[in-house]
Amino acid sequence: RGLFNEASKFYLKAQQLSPDHYWVQYYQGLCYLNLREFGAAESSFSSCIARRPDYPWAYIQRSIGYARLGHFENAEFDLDSAEKLDSTLFSVFVNRGVLLLTQRKFDDALQNLEQARELKPDSGKPLINIAAAYAALAAELQKPPVEGDSPNNKTTEPASDLEIEQQVQSLYDKALDALA
């Protein structure tokens, strides 16, 4: 933290000298992300985007700040904006996959992580998150149903232990396949 604090001080001085320079705003935002000052990071990346709206990395980084603040719709919008600027950016799909995973949108998360995997087949990032998505989905399946939680508010018969075990095993097998 100490070095990011020091770097931040110099970026703030640089901002005073060159307030319109988008790189200063961008790197100040990175410092704020690392310091876990997500509101300040969002503000710095917003300033960067105002000066350079065609720079996709500022949107990607701002999406992280938004996600950490719980502003998921803003984070998704920023990732969509970055993708429109460059549809080949691996980080767009990894970050969107993780964002969707945190919202328990497993199918969409897996789709984005698979797209990231196609862009960089040798990277472990999508694989780790694909495995996490399948594990989280398996954990969801193991939860007992909640009254009124099923479609049309009709209760369903709980799955048998054997059915749950088979579903979980299938999900873990898919996660392992993703690692192959």
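Our structure's up above, just so we're on the same page.
In what follows, the accompanying structure is described.

1. A closer look at the overall build of the protein
Counting its regular elements, the protein contains nine helices and zero strands. Mapped in sequence order, the helices and strands of the protein form the string α-α-α-α-α-α-α-α-α. Looking at the protein as a whole, 36% of its 180 residues are labelled buried. Once local pairs closer than 6 in sequence are excluded, the contacts in the protein between residues at least 24 apart make up 50%. Surface summary for the protein: the accessible area is close to 10800 Å², and the carbon and sulfur share equals 52%.

2. Re the packing of aromatic side chains
Counted according to the given criterion, the structure contains eight aromatic pairs. Taking 5.8 Å as the distance between ring centres and 85° as the angle between the ring planes, the aromatic pair formed by Trp23 and Tyr26 counts as edge-to-face. Of this pair, Trp23 and Tyr26 both sit in helix α2 (residues 22-34), three residues apart, roughly one helical turn. For Trp23, a relative accessible area of 29% gives the class partly exposed. Residue Tyr26 is classed as buried on the basis of its relative accessible area, which comes to 6%. Sitting over the ring of Phe90, Lys120 keeps its end group 4.8 Å from the ring centre.

3. Re the packing of helix α6 (residues 90-102) against helix α8 (residues 125-142)
In helix packing, the relevant descriptors are the interaxial angle and the interaxial distance, both defined with respect to the helix axes. Following both chains from N to C, one finds α6 and α8 inclined at 15°, their axes separated by 10 Å at the closest point. Judged on the interaxial angle alone, α8 and α6 are roughly parallel. In terms of crossing hand, the pair formed by α6 and α8 is left-handed. Residues Phe90, Val94, Val98 and Leu101 of α6 form the contact with α8, whose participating residues are Lys125, Pro126, Asn129, Ala132, Ala133 and Ala136. Looking at the contact of α6 with α8 residue by residue, the class counts come to eight nonpolar, one polar and one charged.

4. Quick notes on the pattern of salt bridges
Considering all chains together, one arrives at seven salt bridges under this definition. The closest approach of N and O atoms between Glu114 and Arg117, which form a salt bridge, is 3.5 Å. You can see Glu114 and its partner Arg117 sitting in helix α7 (residues 106-119), three residues apart, about one turn around the helix. By relative accessible area, which is 28% here, Glu114 ends up partly exposed. Each of the salt bridges in this network shares a partner with another, and the network as a whole consists of Asp80, Glu83 and Arg96.

5. Here's the deal with unusual backbone geometry
Despite not being glycine, Arg36 shows a phi value in the positive range, around 65°. Structurally, Arg36 can be placed in the loop between α2 and α3 (38-51). For Arg36, a relative accessible area of 51% translates into the label exposed. Positive phi values are uncommon outside glycine, yet Arg104 reaches one of about 65°.

6. Description of the nonpolar core
The biggest cluster of nonpolar side chains holds 24 residues, and the ones touching the most others in it are Tyr26, Cys48, Ala58, Ile60 and Val92. Elements represented by at least two residues in this core include exactly α2, α3, α4 (56-68), α5 (72-85) and α6. Non-local contacts of Cys48, meaning those with residues more than four positions away in its chain, are made with Tyr22, Gln25, Tyr26, Tyr55 and Ala58. Listed in part, the ten residues of the second largest apolar core include Leu100, Leu110, Ile130 and Tyr134.

Thresholds applied
- Residues numbered from 1 in each chain as written.
- Predicted model: local features only at pLDDT ≥ 70, side-chain atom pairs only at ≥ 80, totals over all residues.
- Heavy atoms only, no water.
- Helix = DSSP H or I, 4+ residues; strand = E, 2+ residues; numbered from the N terminus.
- Buried < 20%, exposed > 50% of the residue type's maximum accessible area, 1.4 Å probe, protein only.
- Contact = heavy atoms within 4.5 Å.
- Areas by Shrake-Rupley, 256 points an atom, 1.4 Å probe, with all protein chains shown as cover.
- Phe/Tyr/Trp six-rings, centres within 6.5 Å; stacked < 30°, edge-to-face > 60°.
- Lys NZ or Arg CZ within 6 Å of the ring centre and 35° of its normal.
- Axes fitted to C-alpha atoms, helices over the stretch in contact; angles between N-to-C directions.
- Parallel < 35°, antiparallel > 145°, perpendicular 65-115°, else oblique.
- Left-handed = near helix turned anticlockwise from the far one by under 90°.
- Nonpolar A, V, L, I, M, F, W, Y, C, P; charged D, E, K, R; others polar.
- Salt bridge = Lys/Arg side-chain N within 4 Å of Asp/Glu carboxyl O.
- Core = buried A, V, L, I, M, F, W, Y, C linked by side-chain atoms within 4.5 Å.

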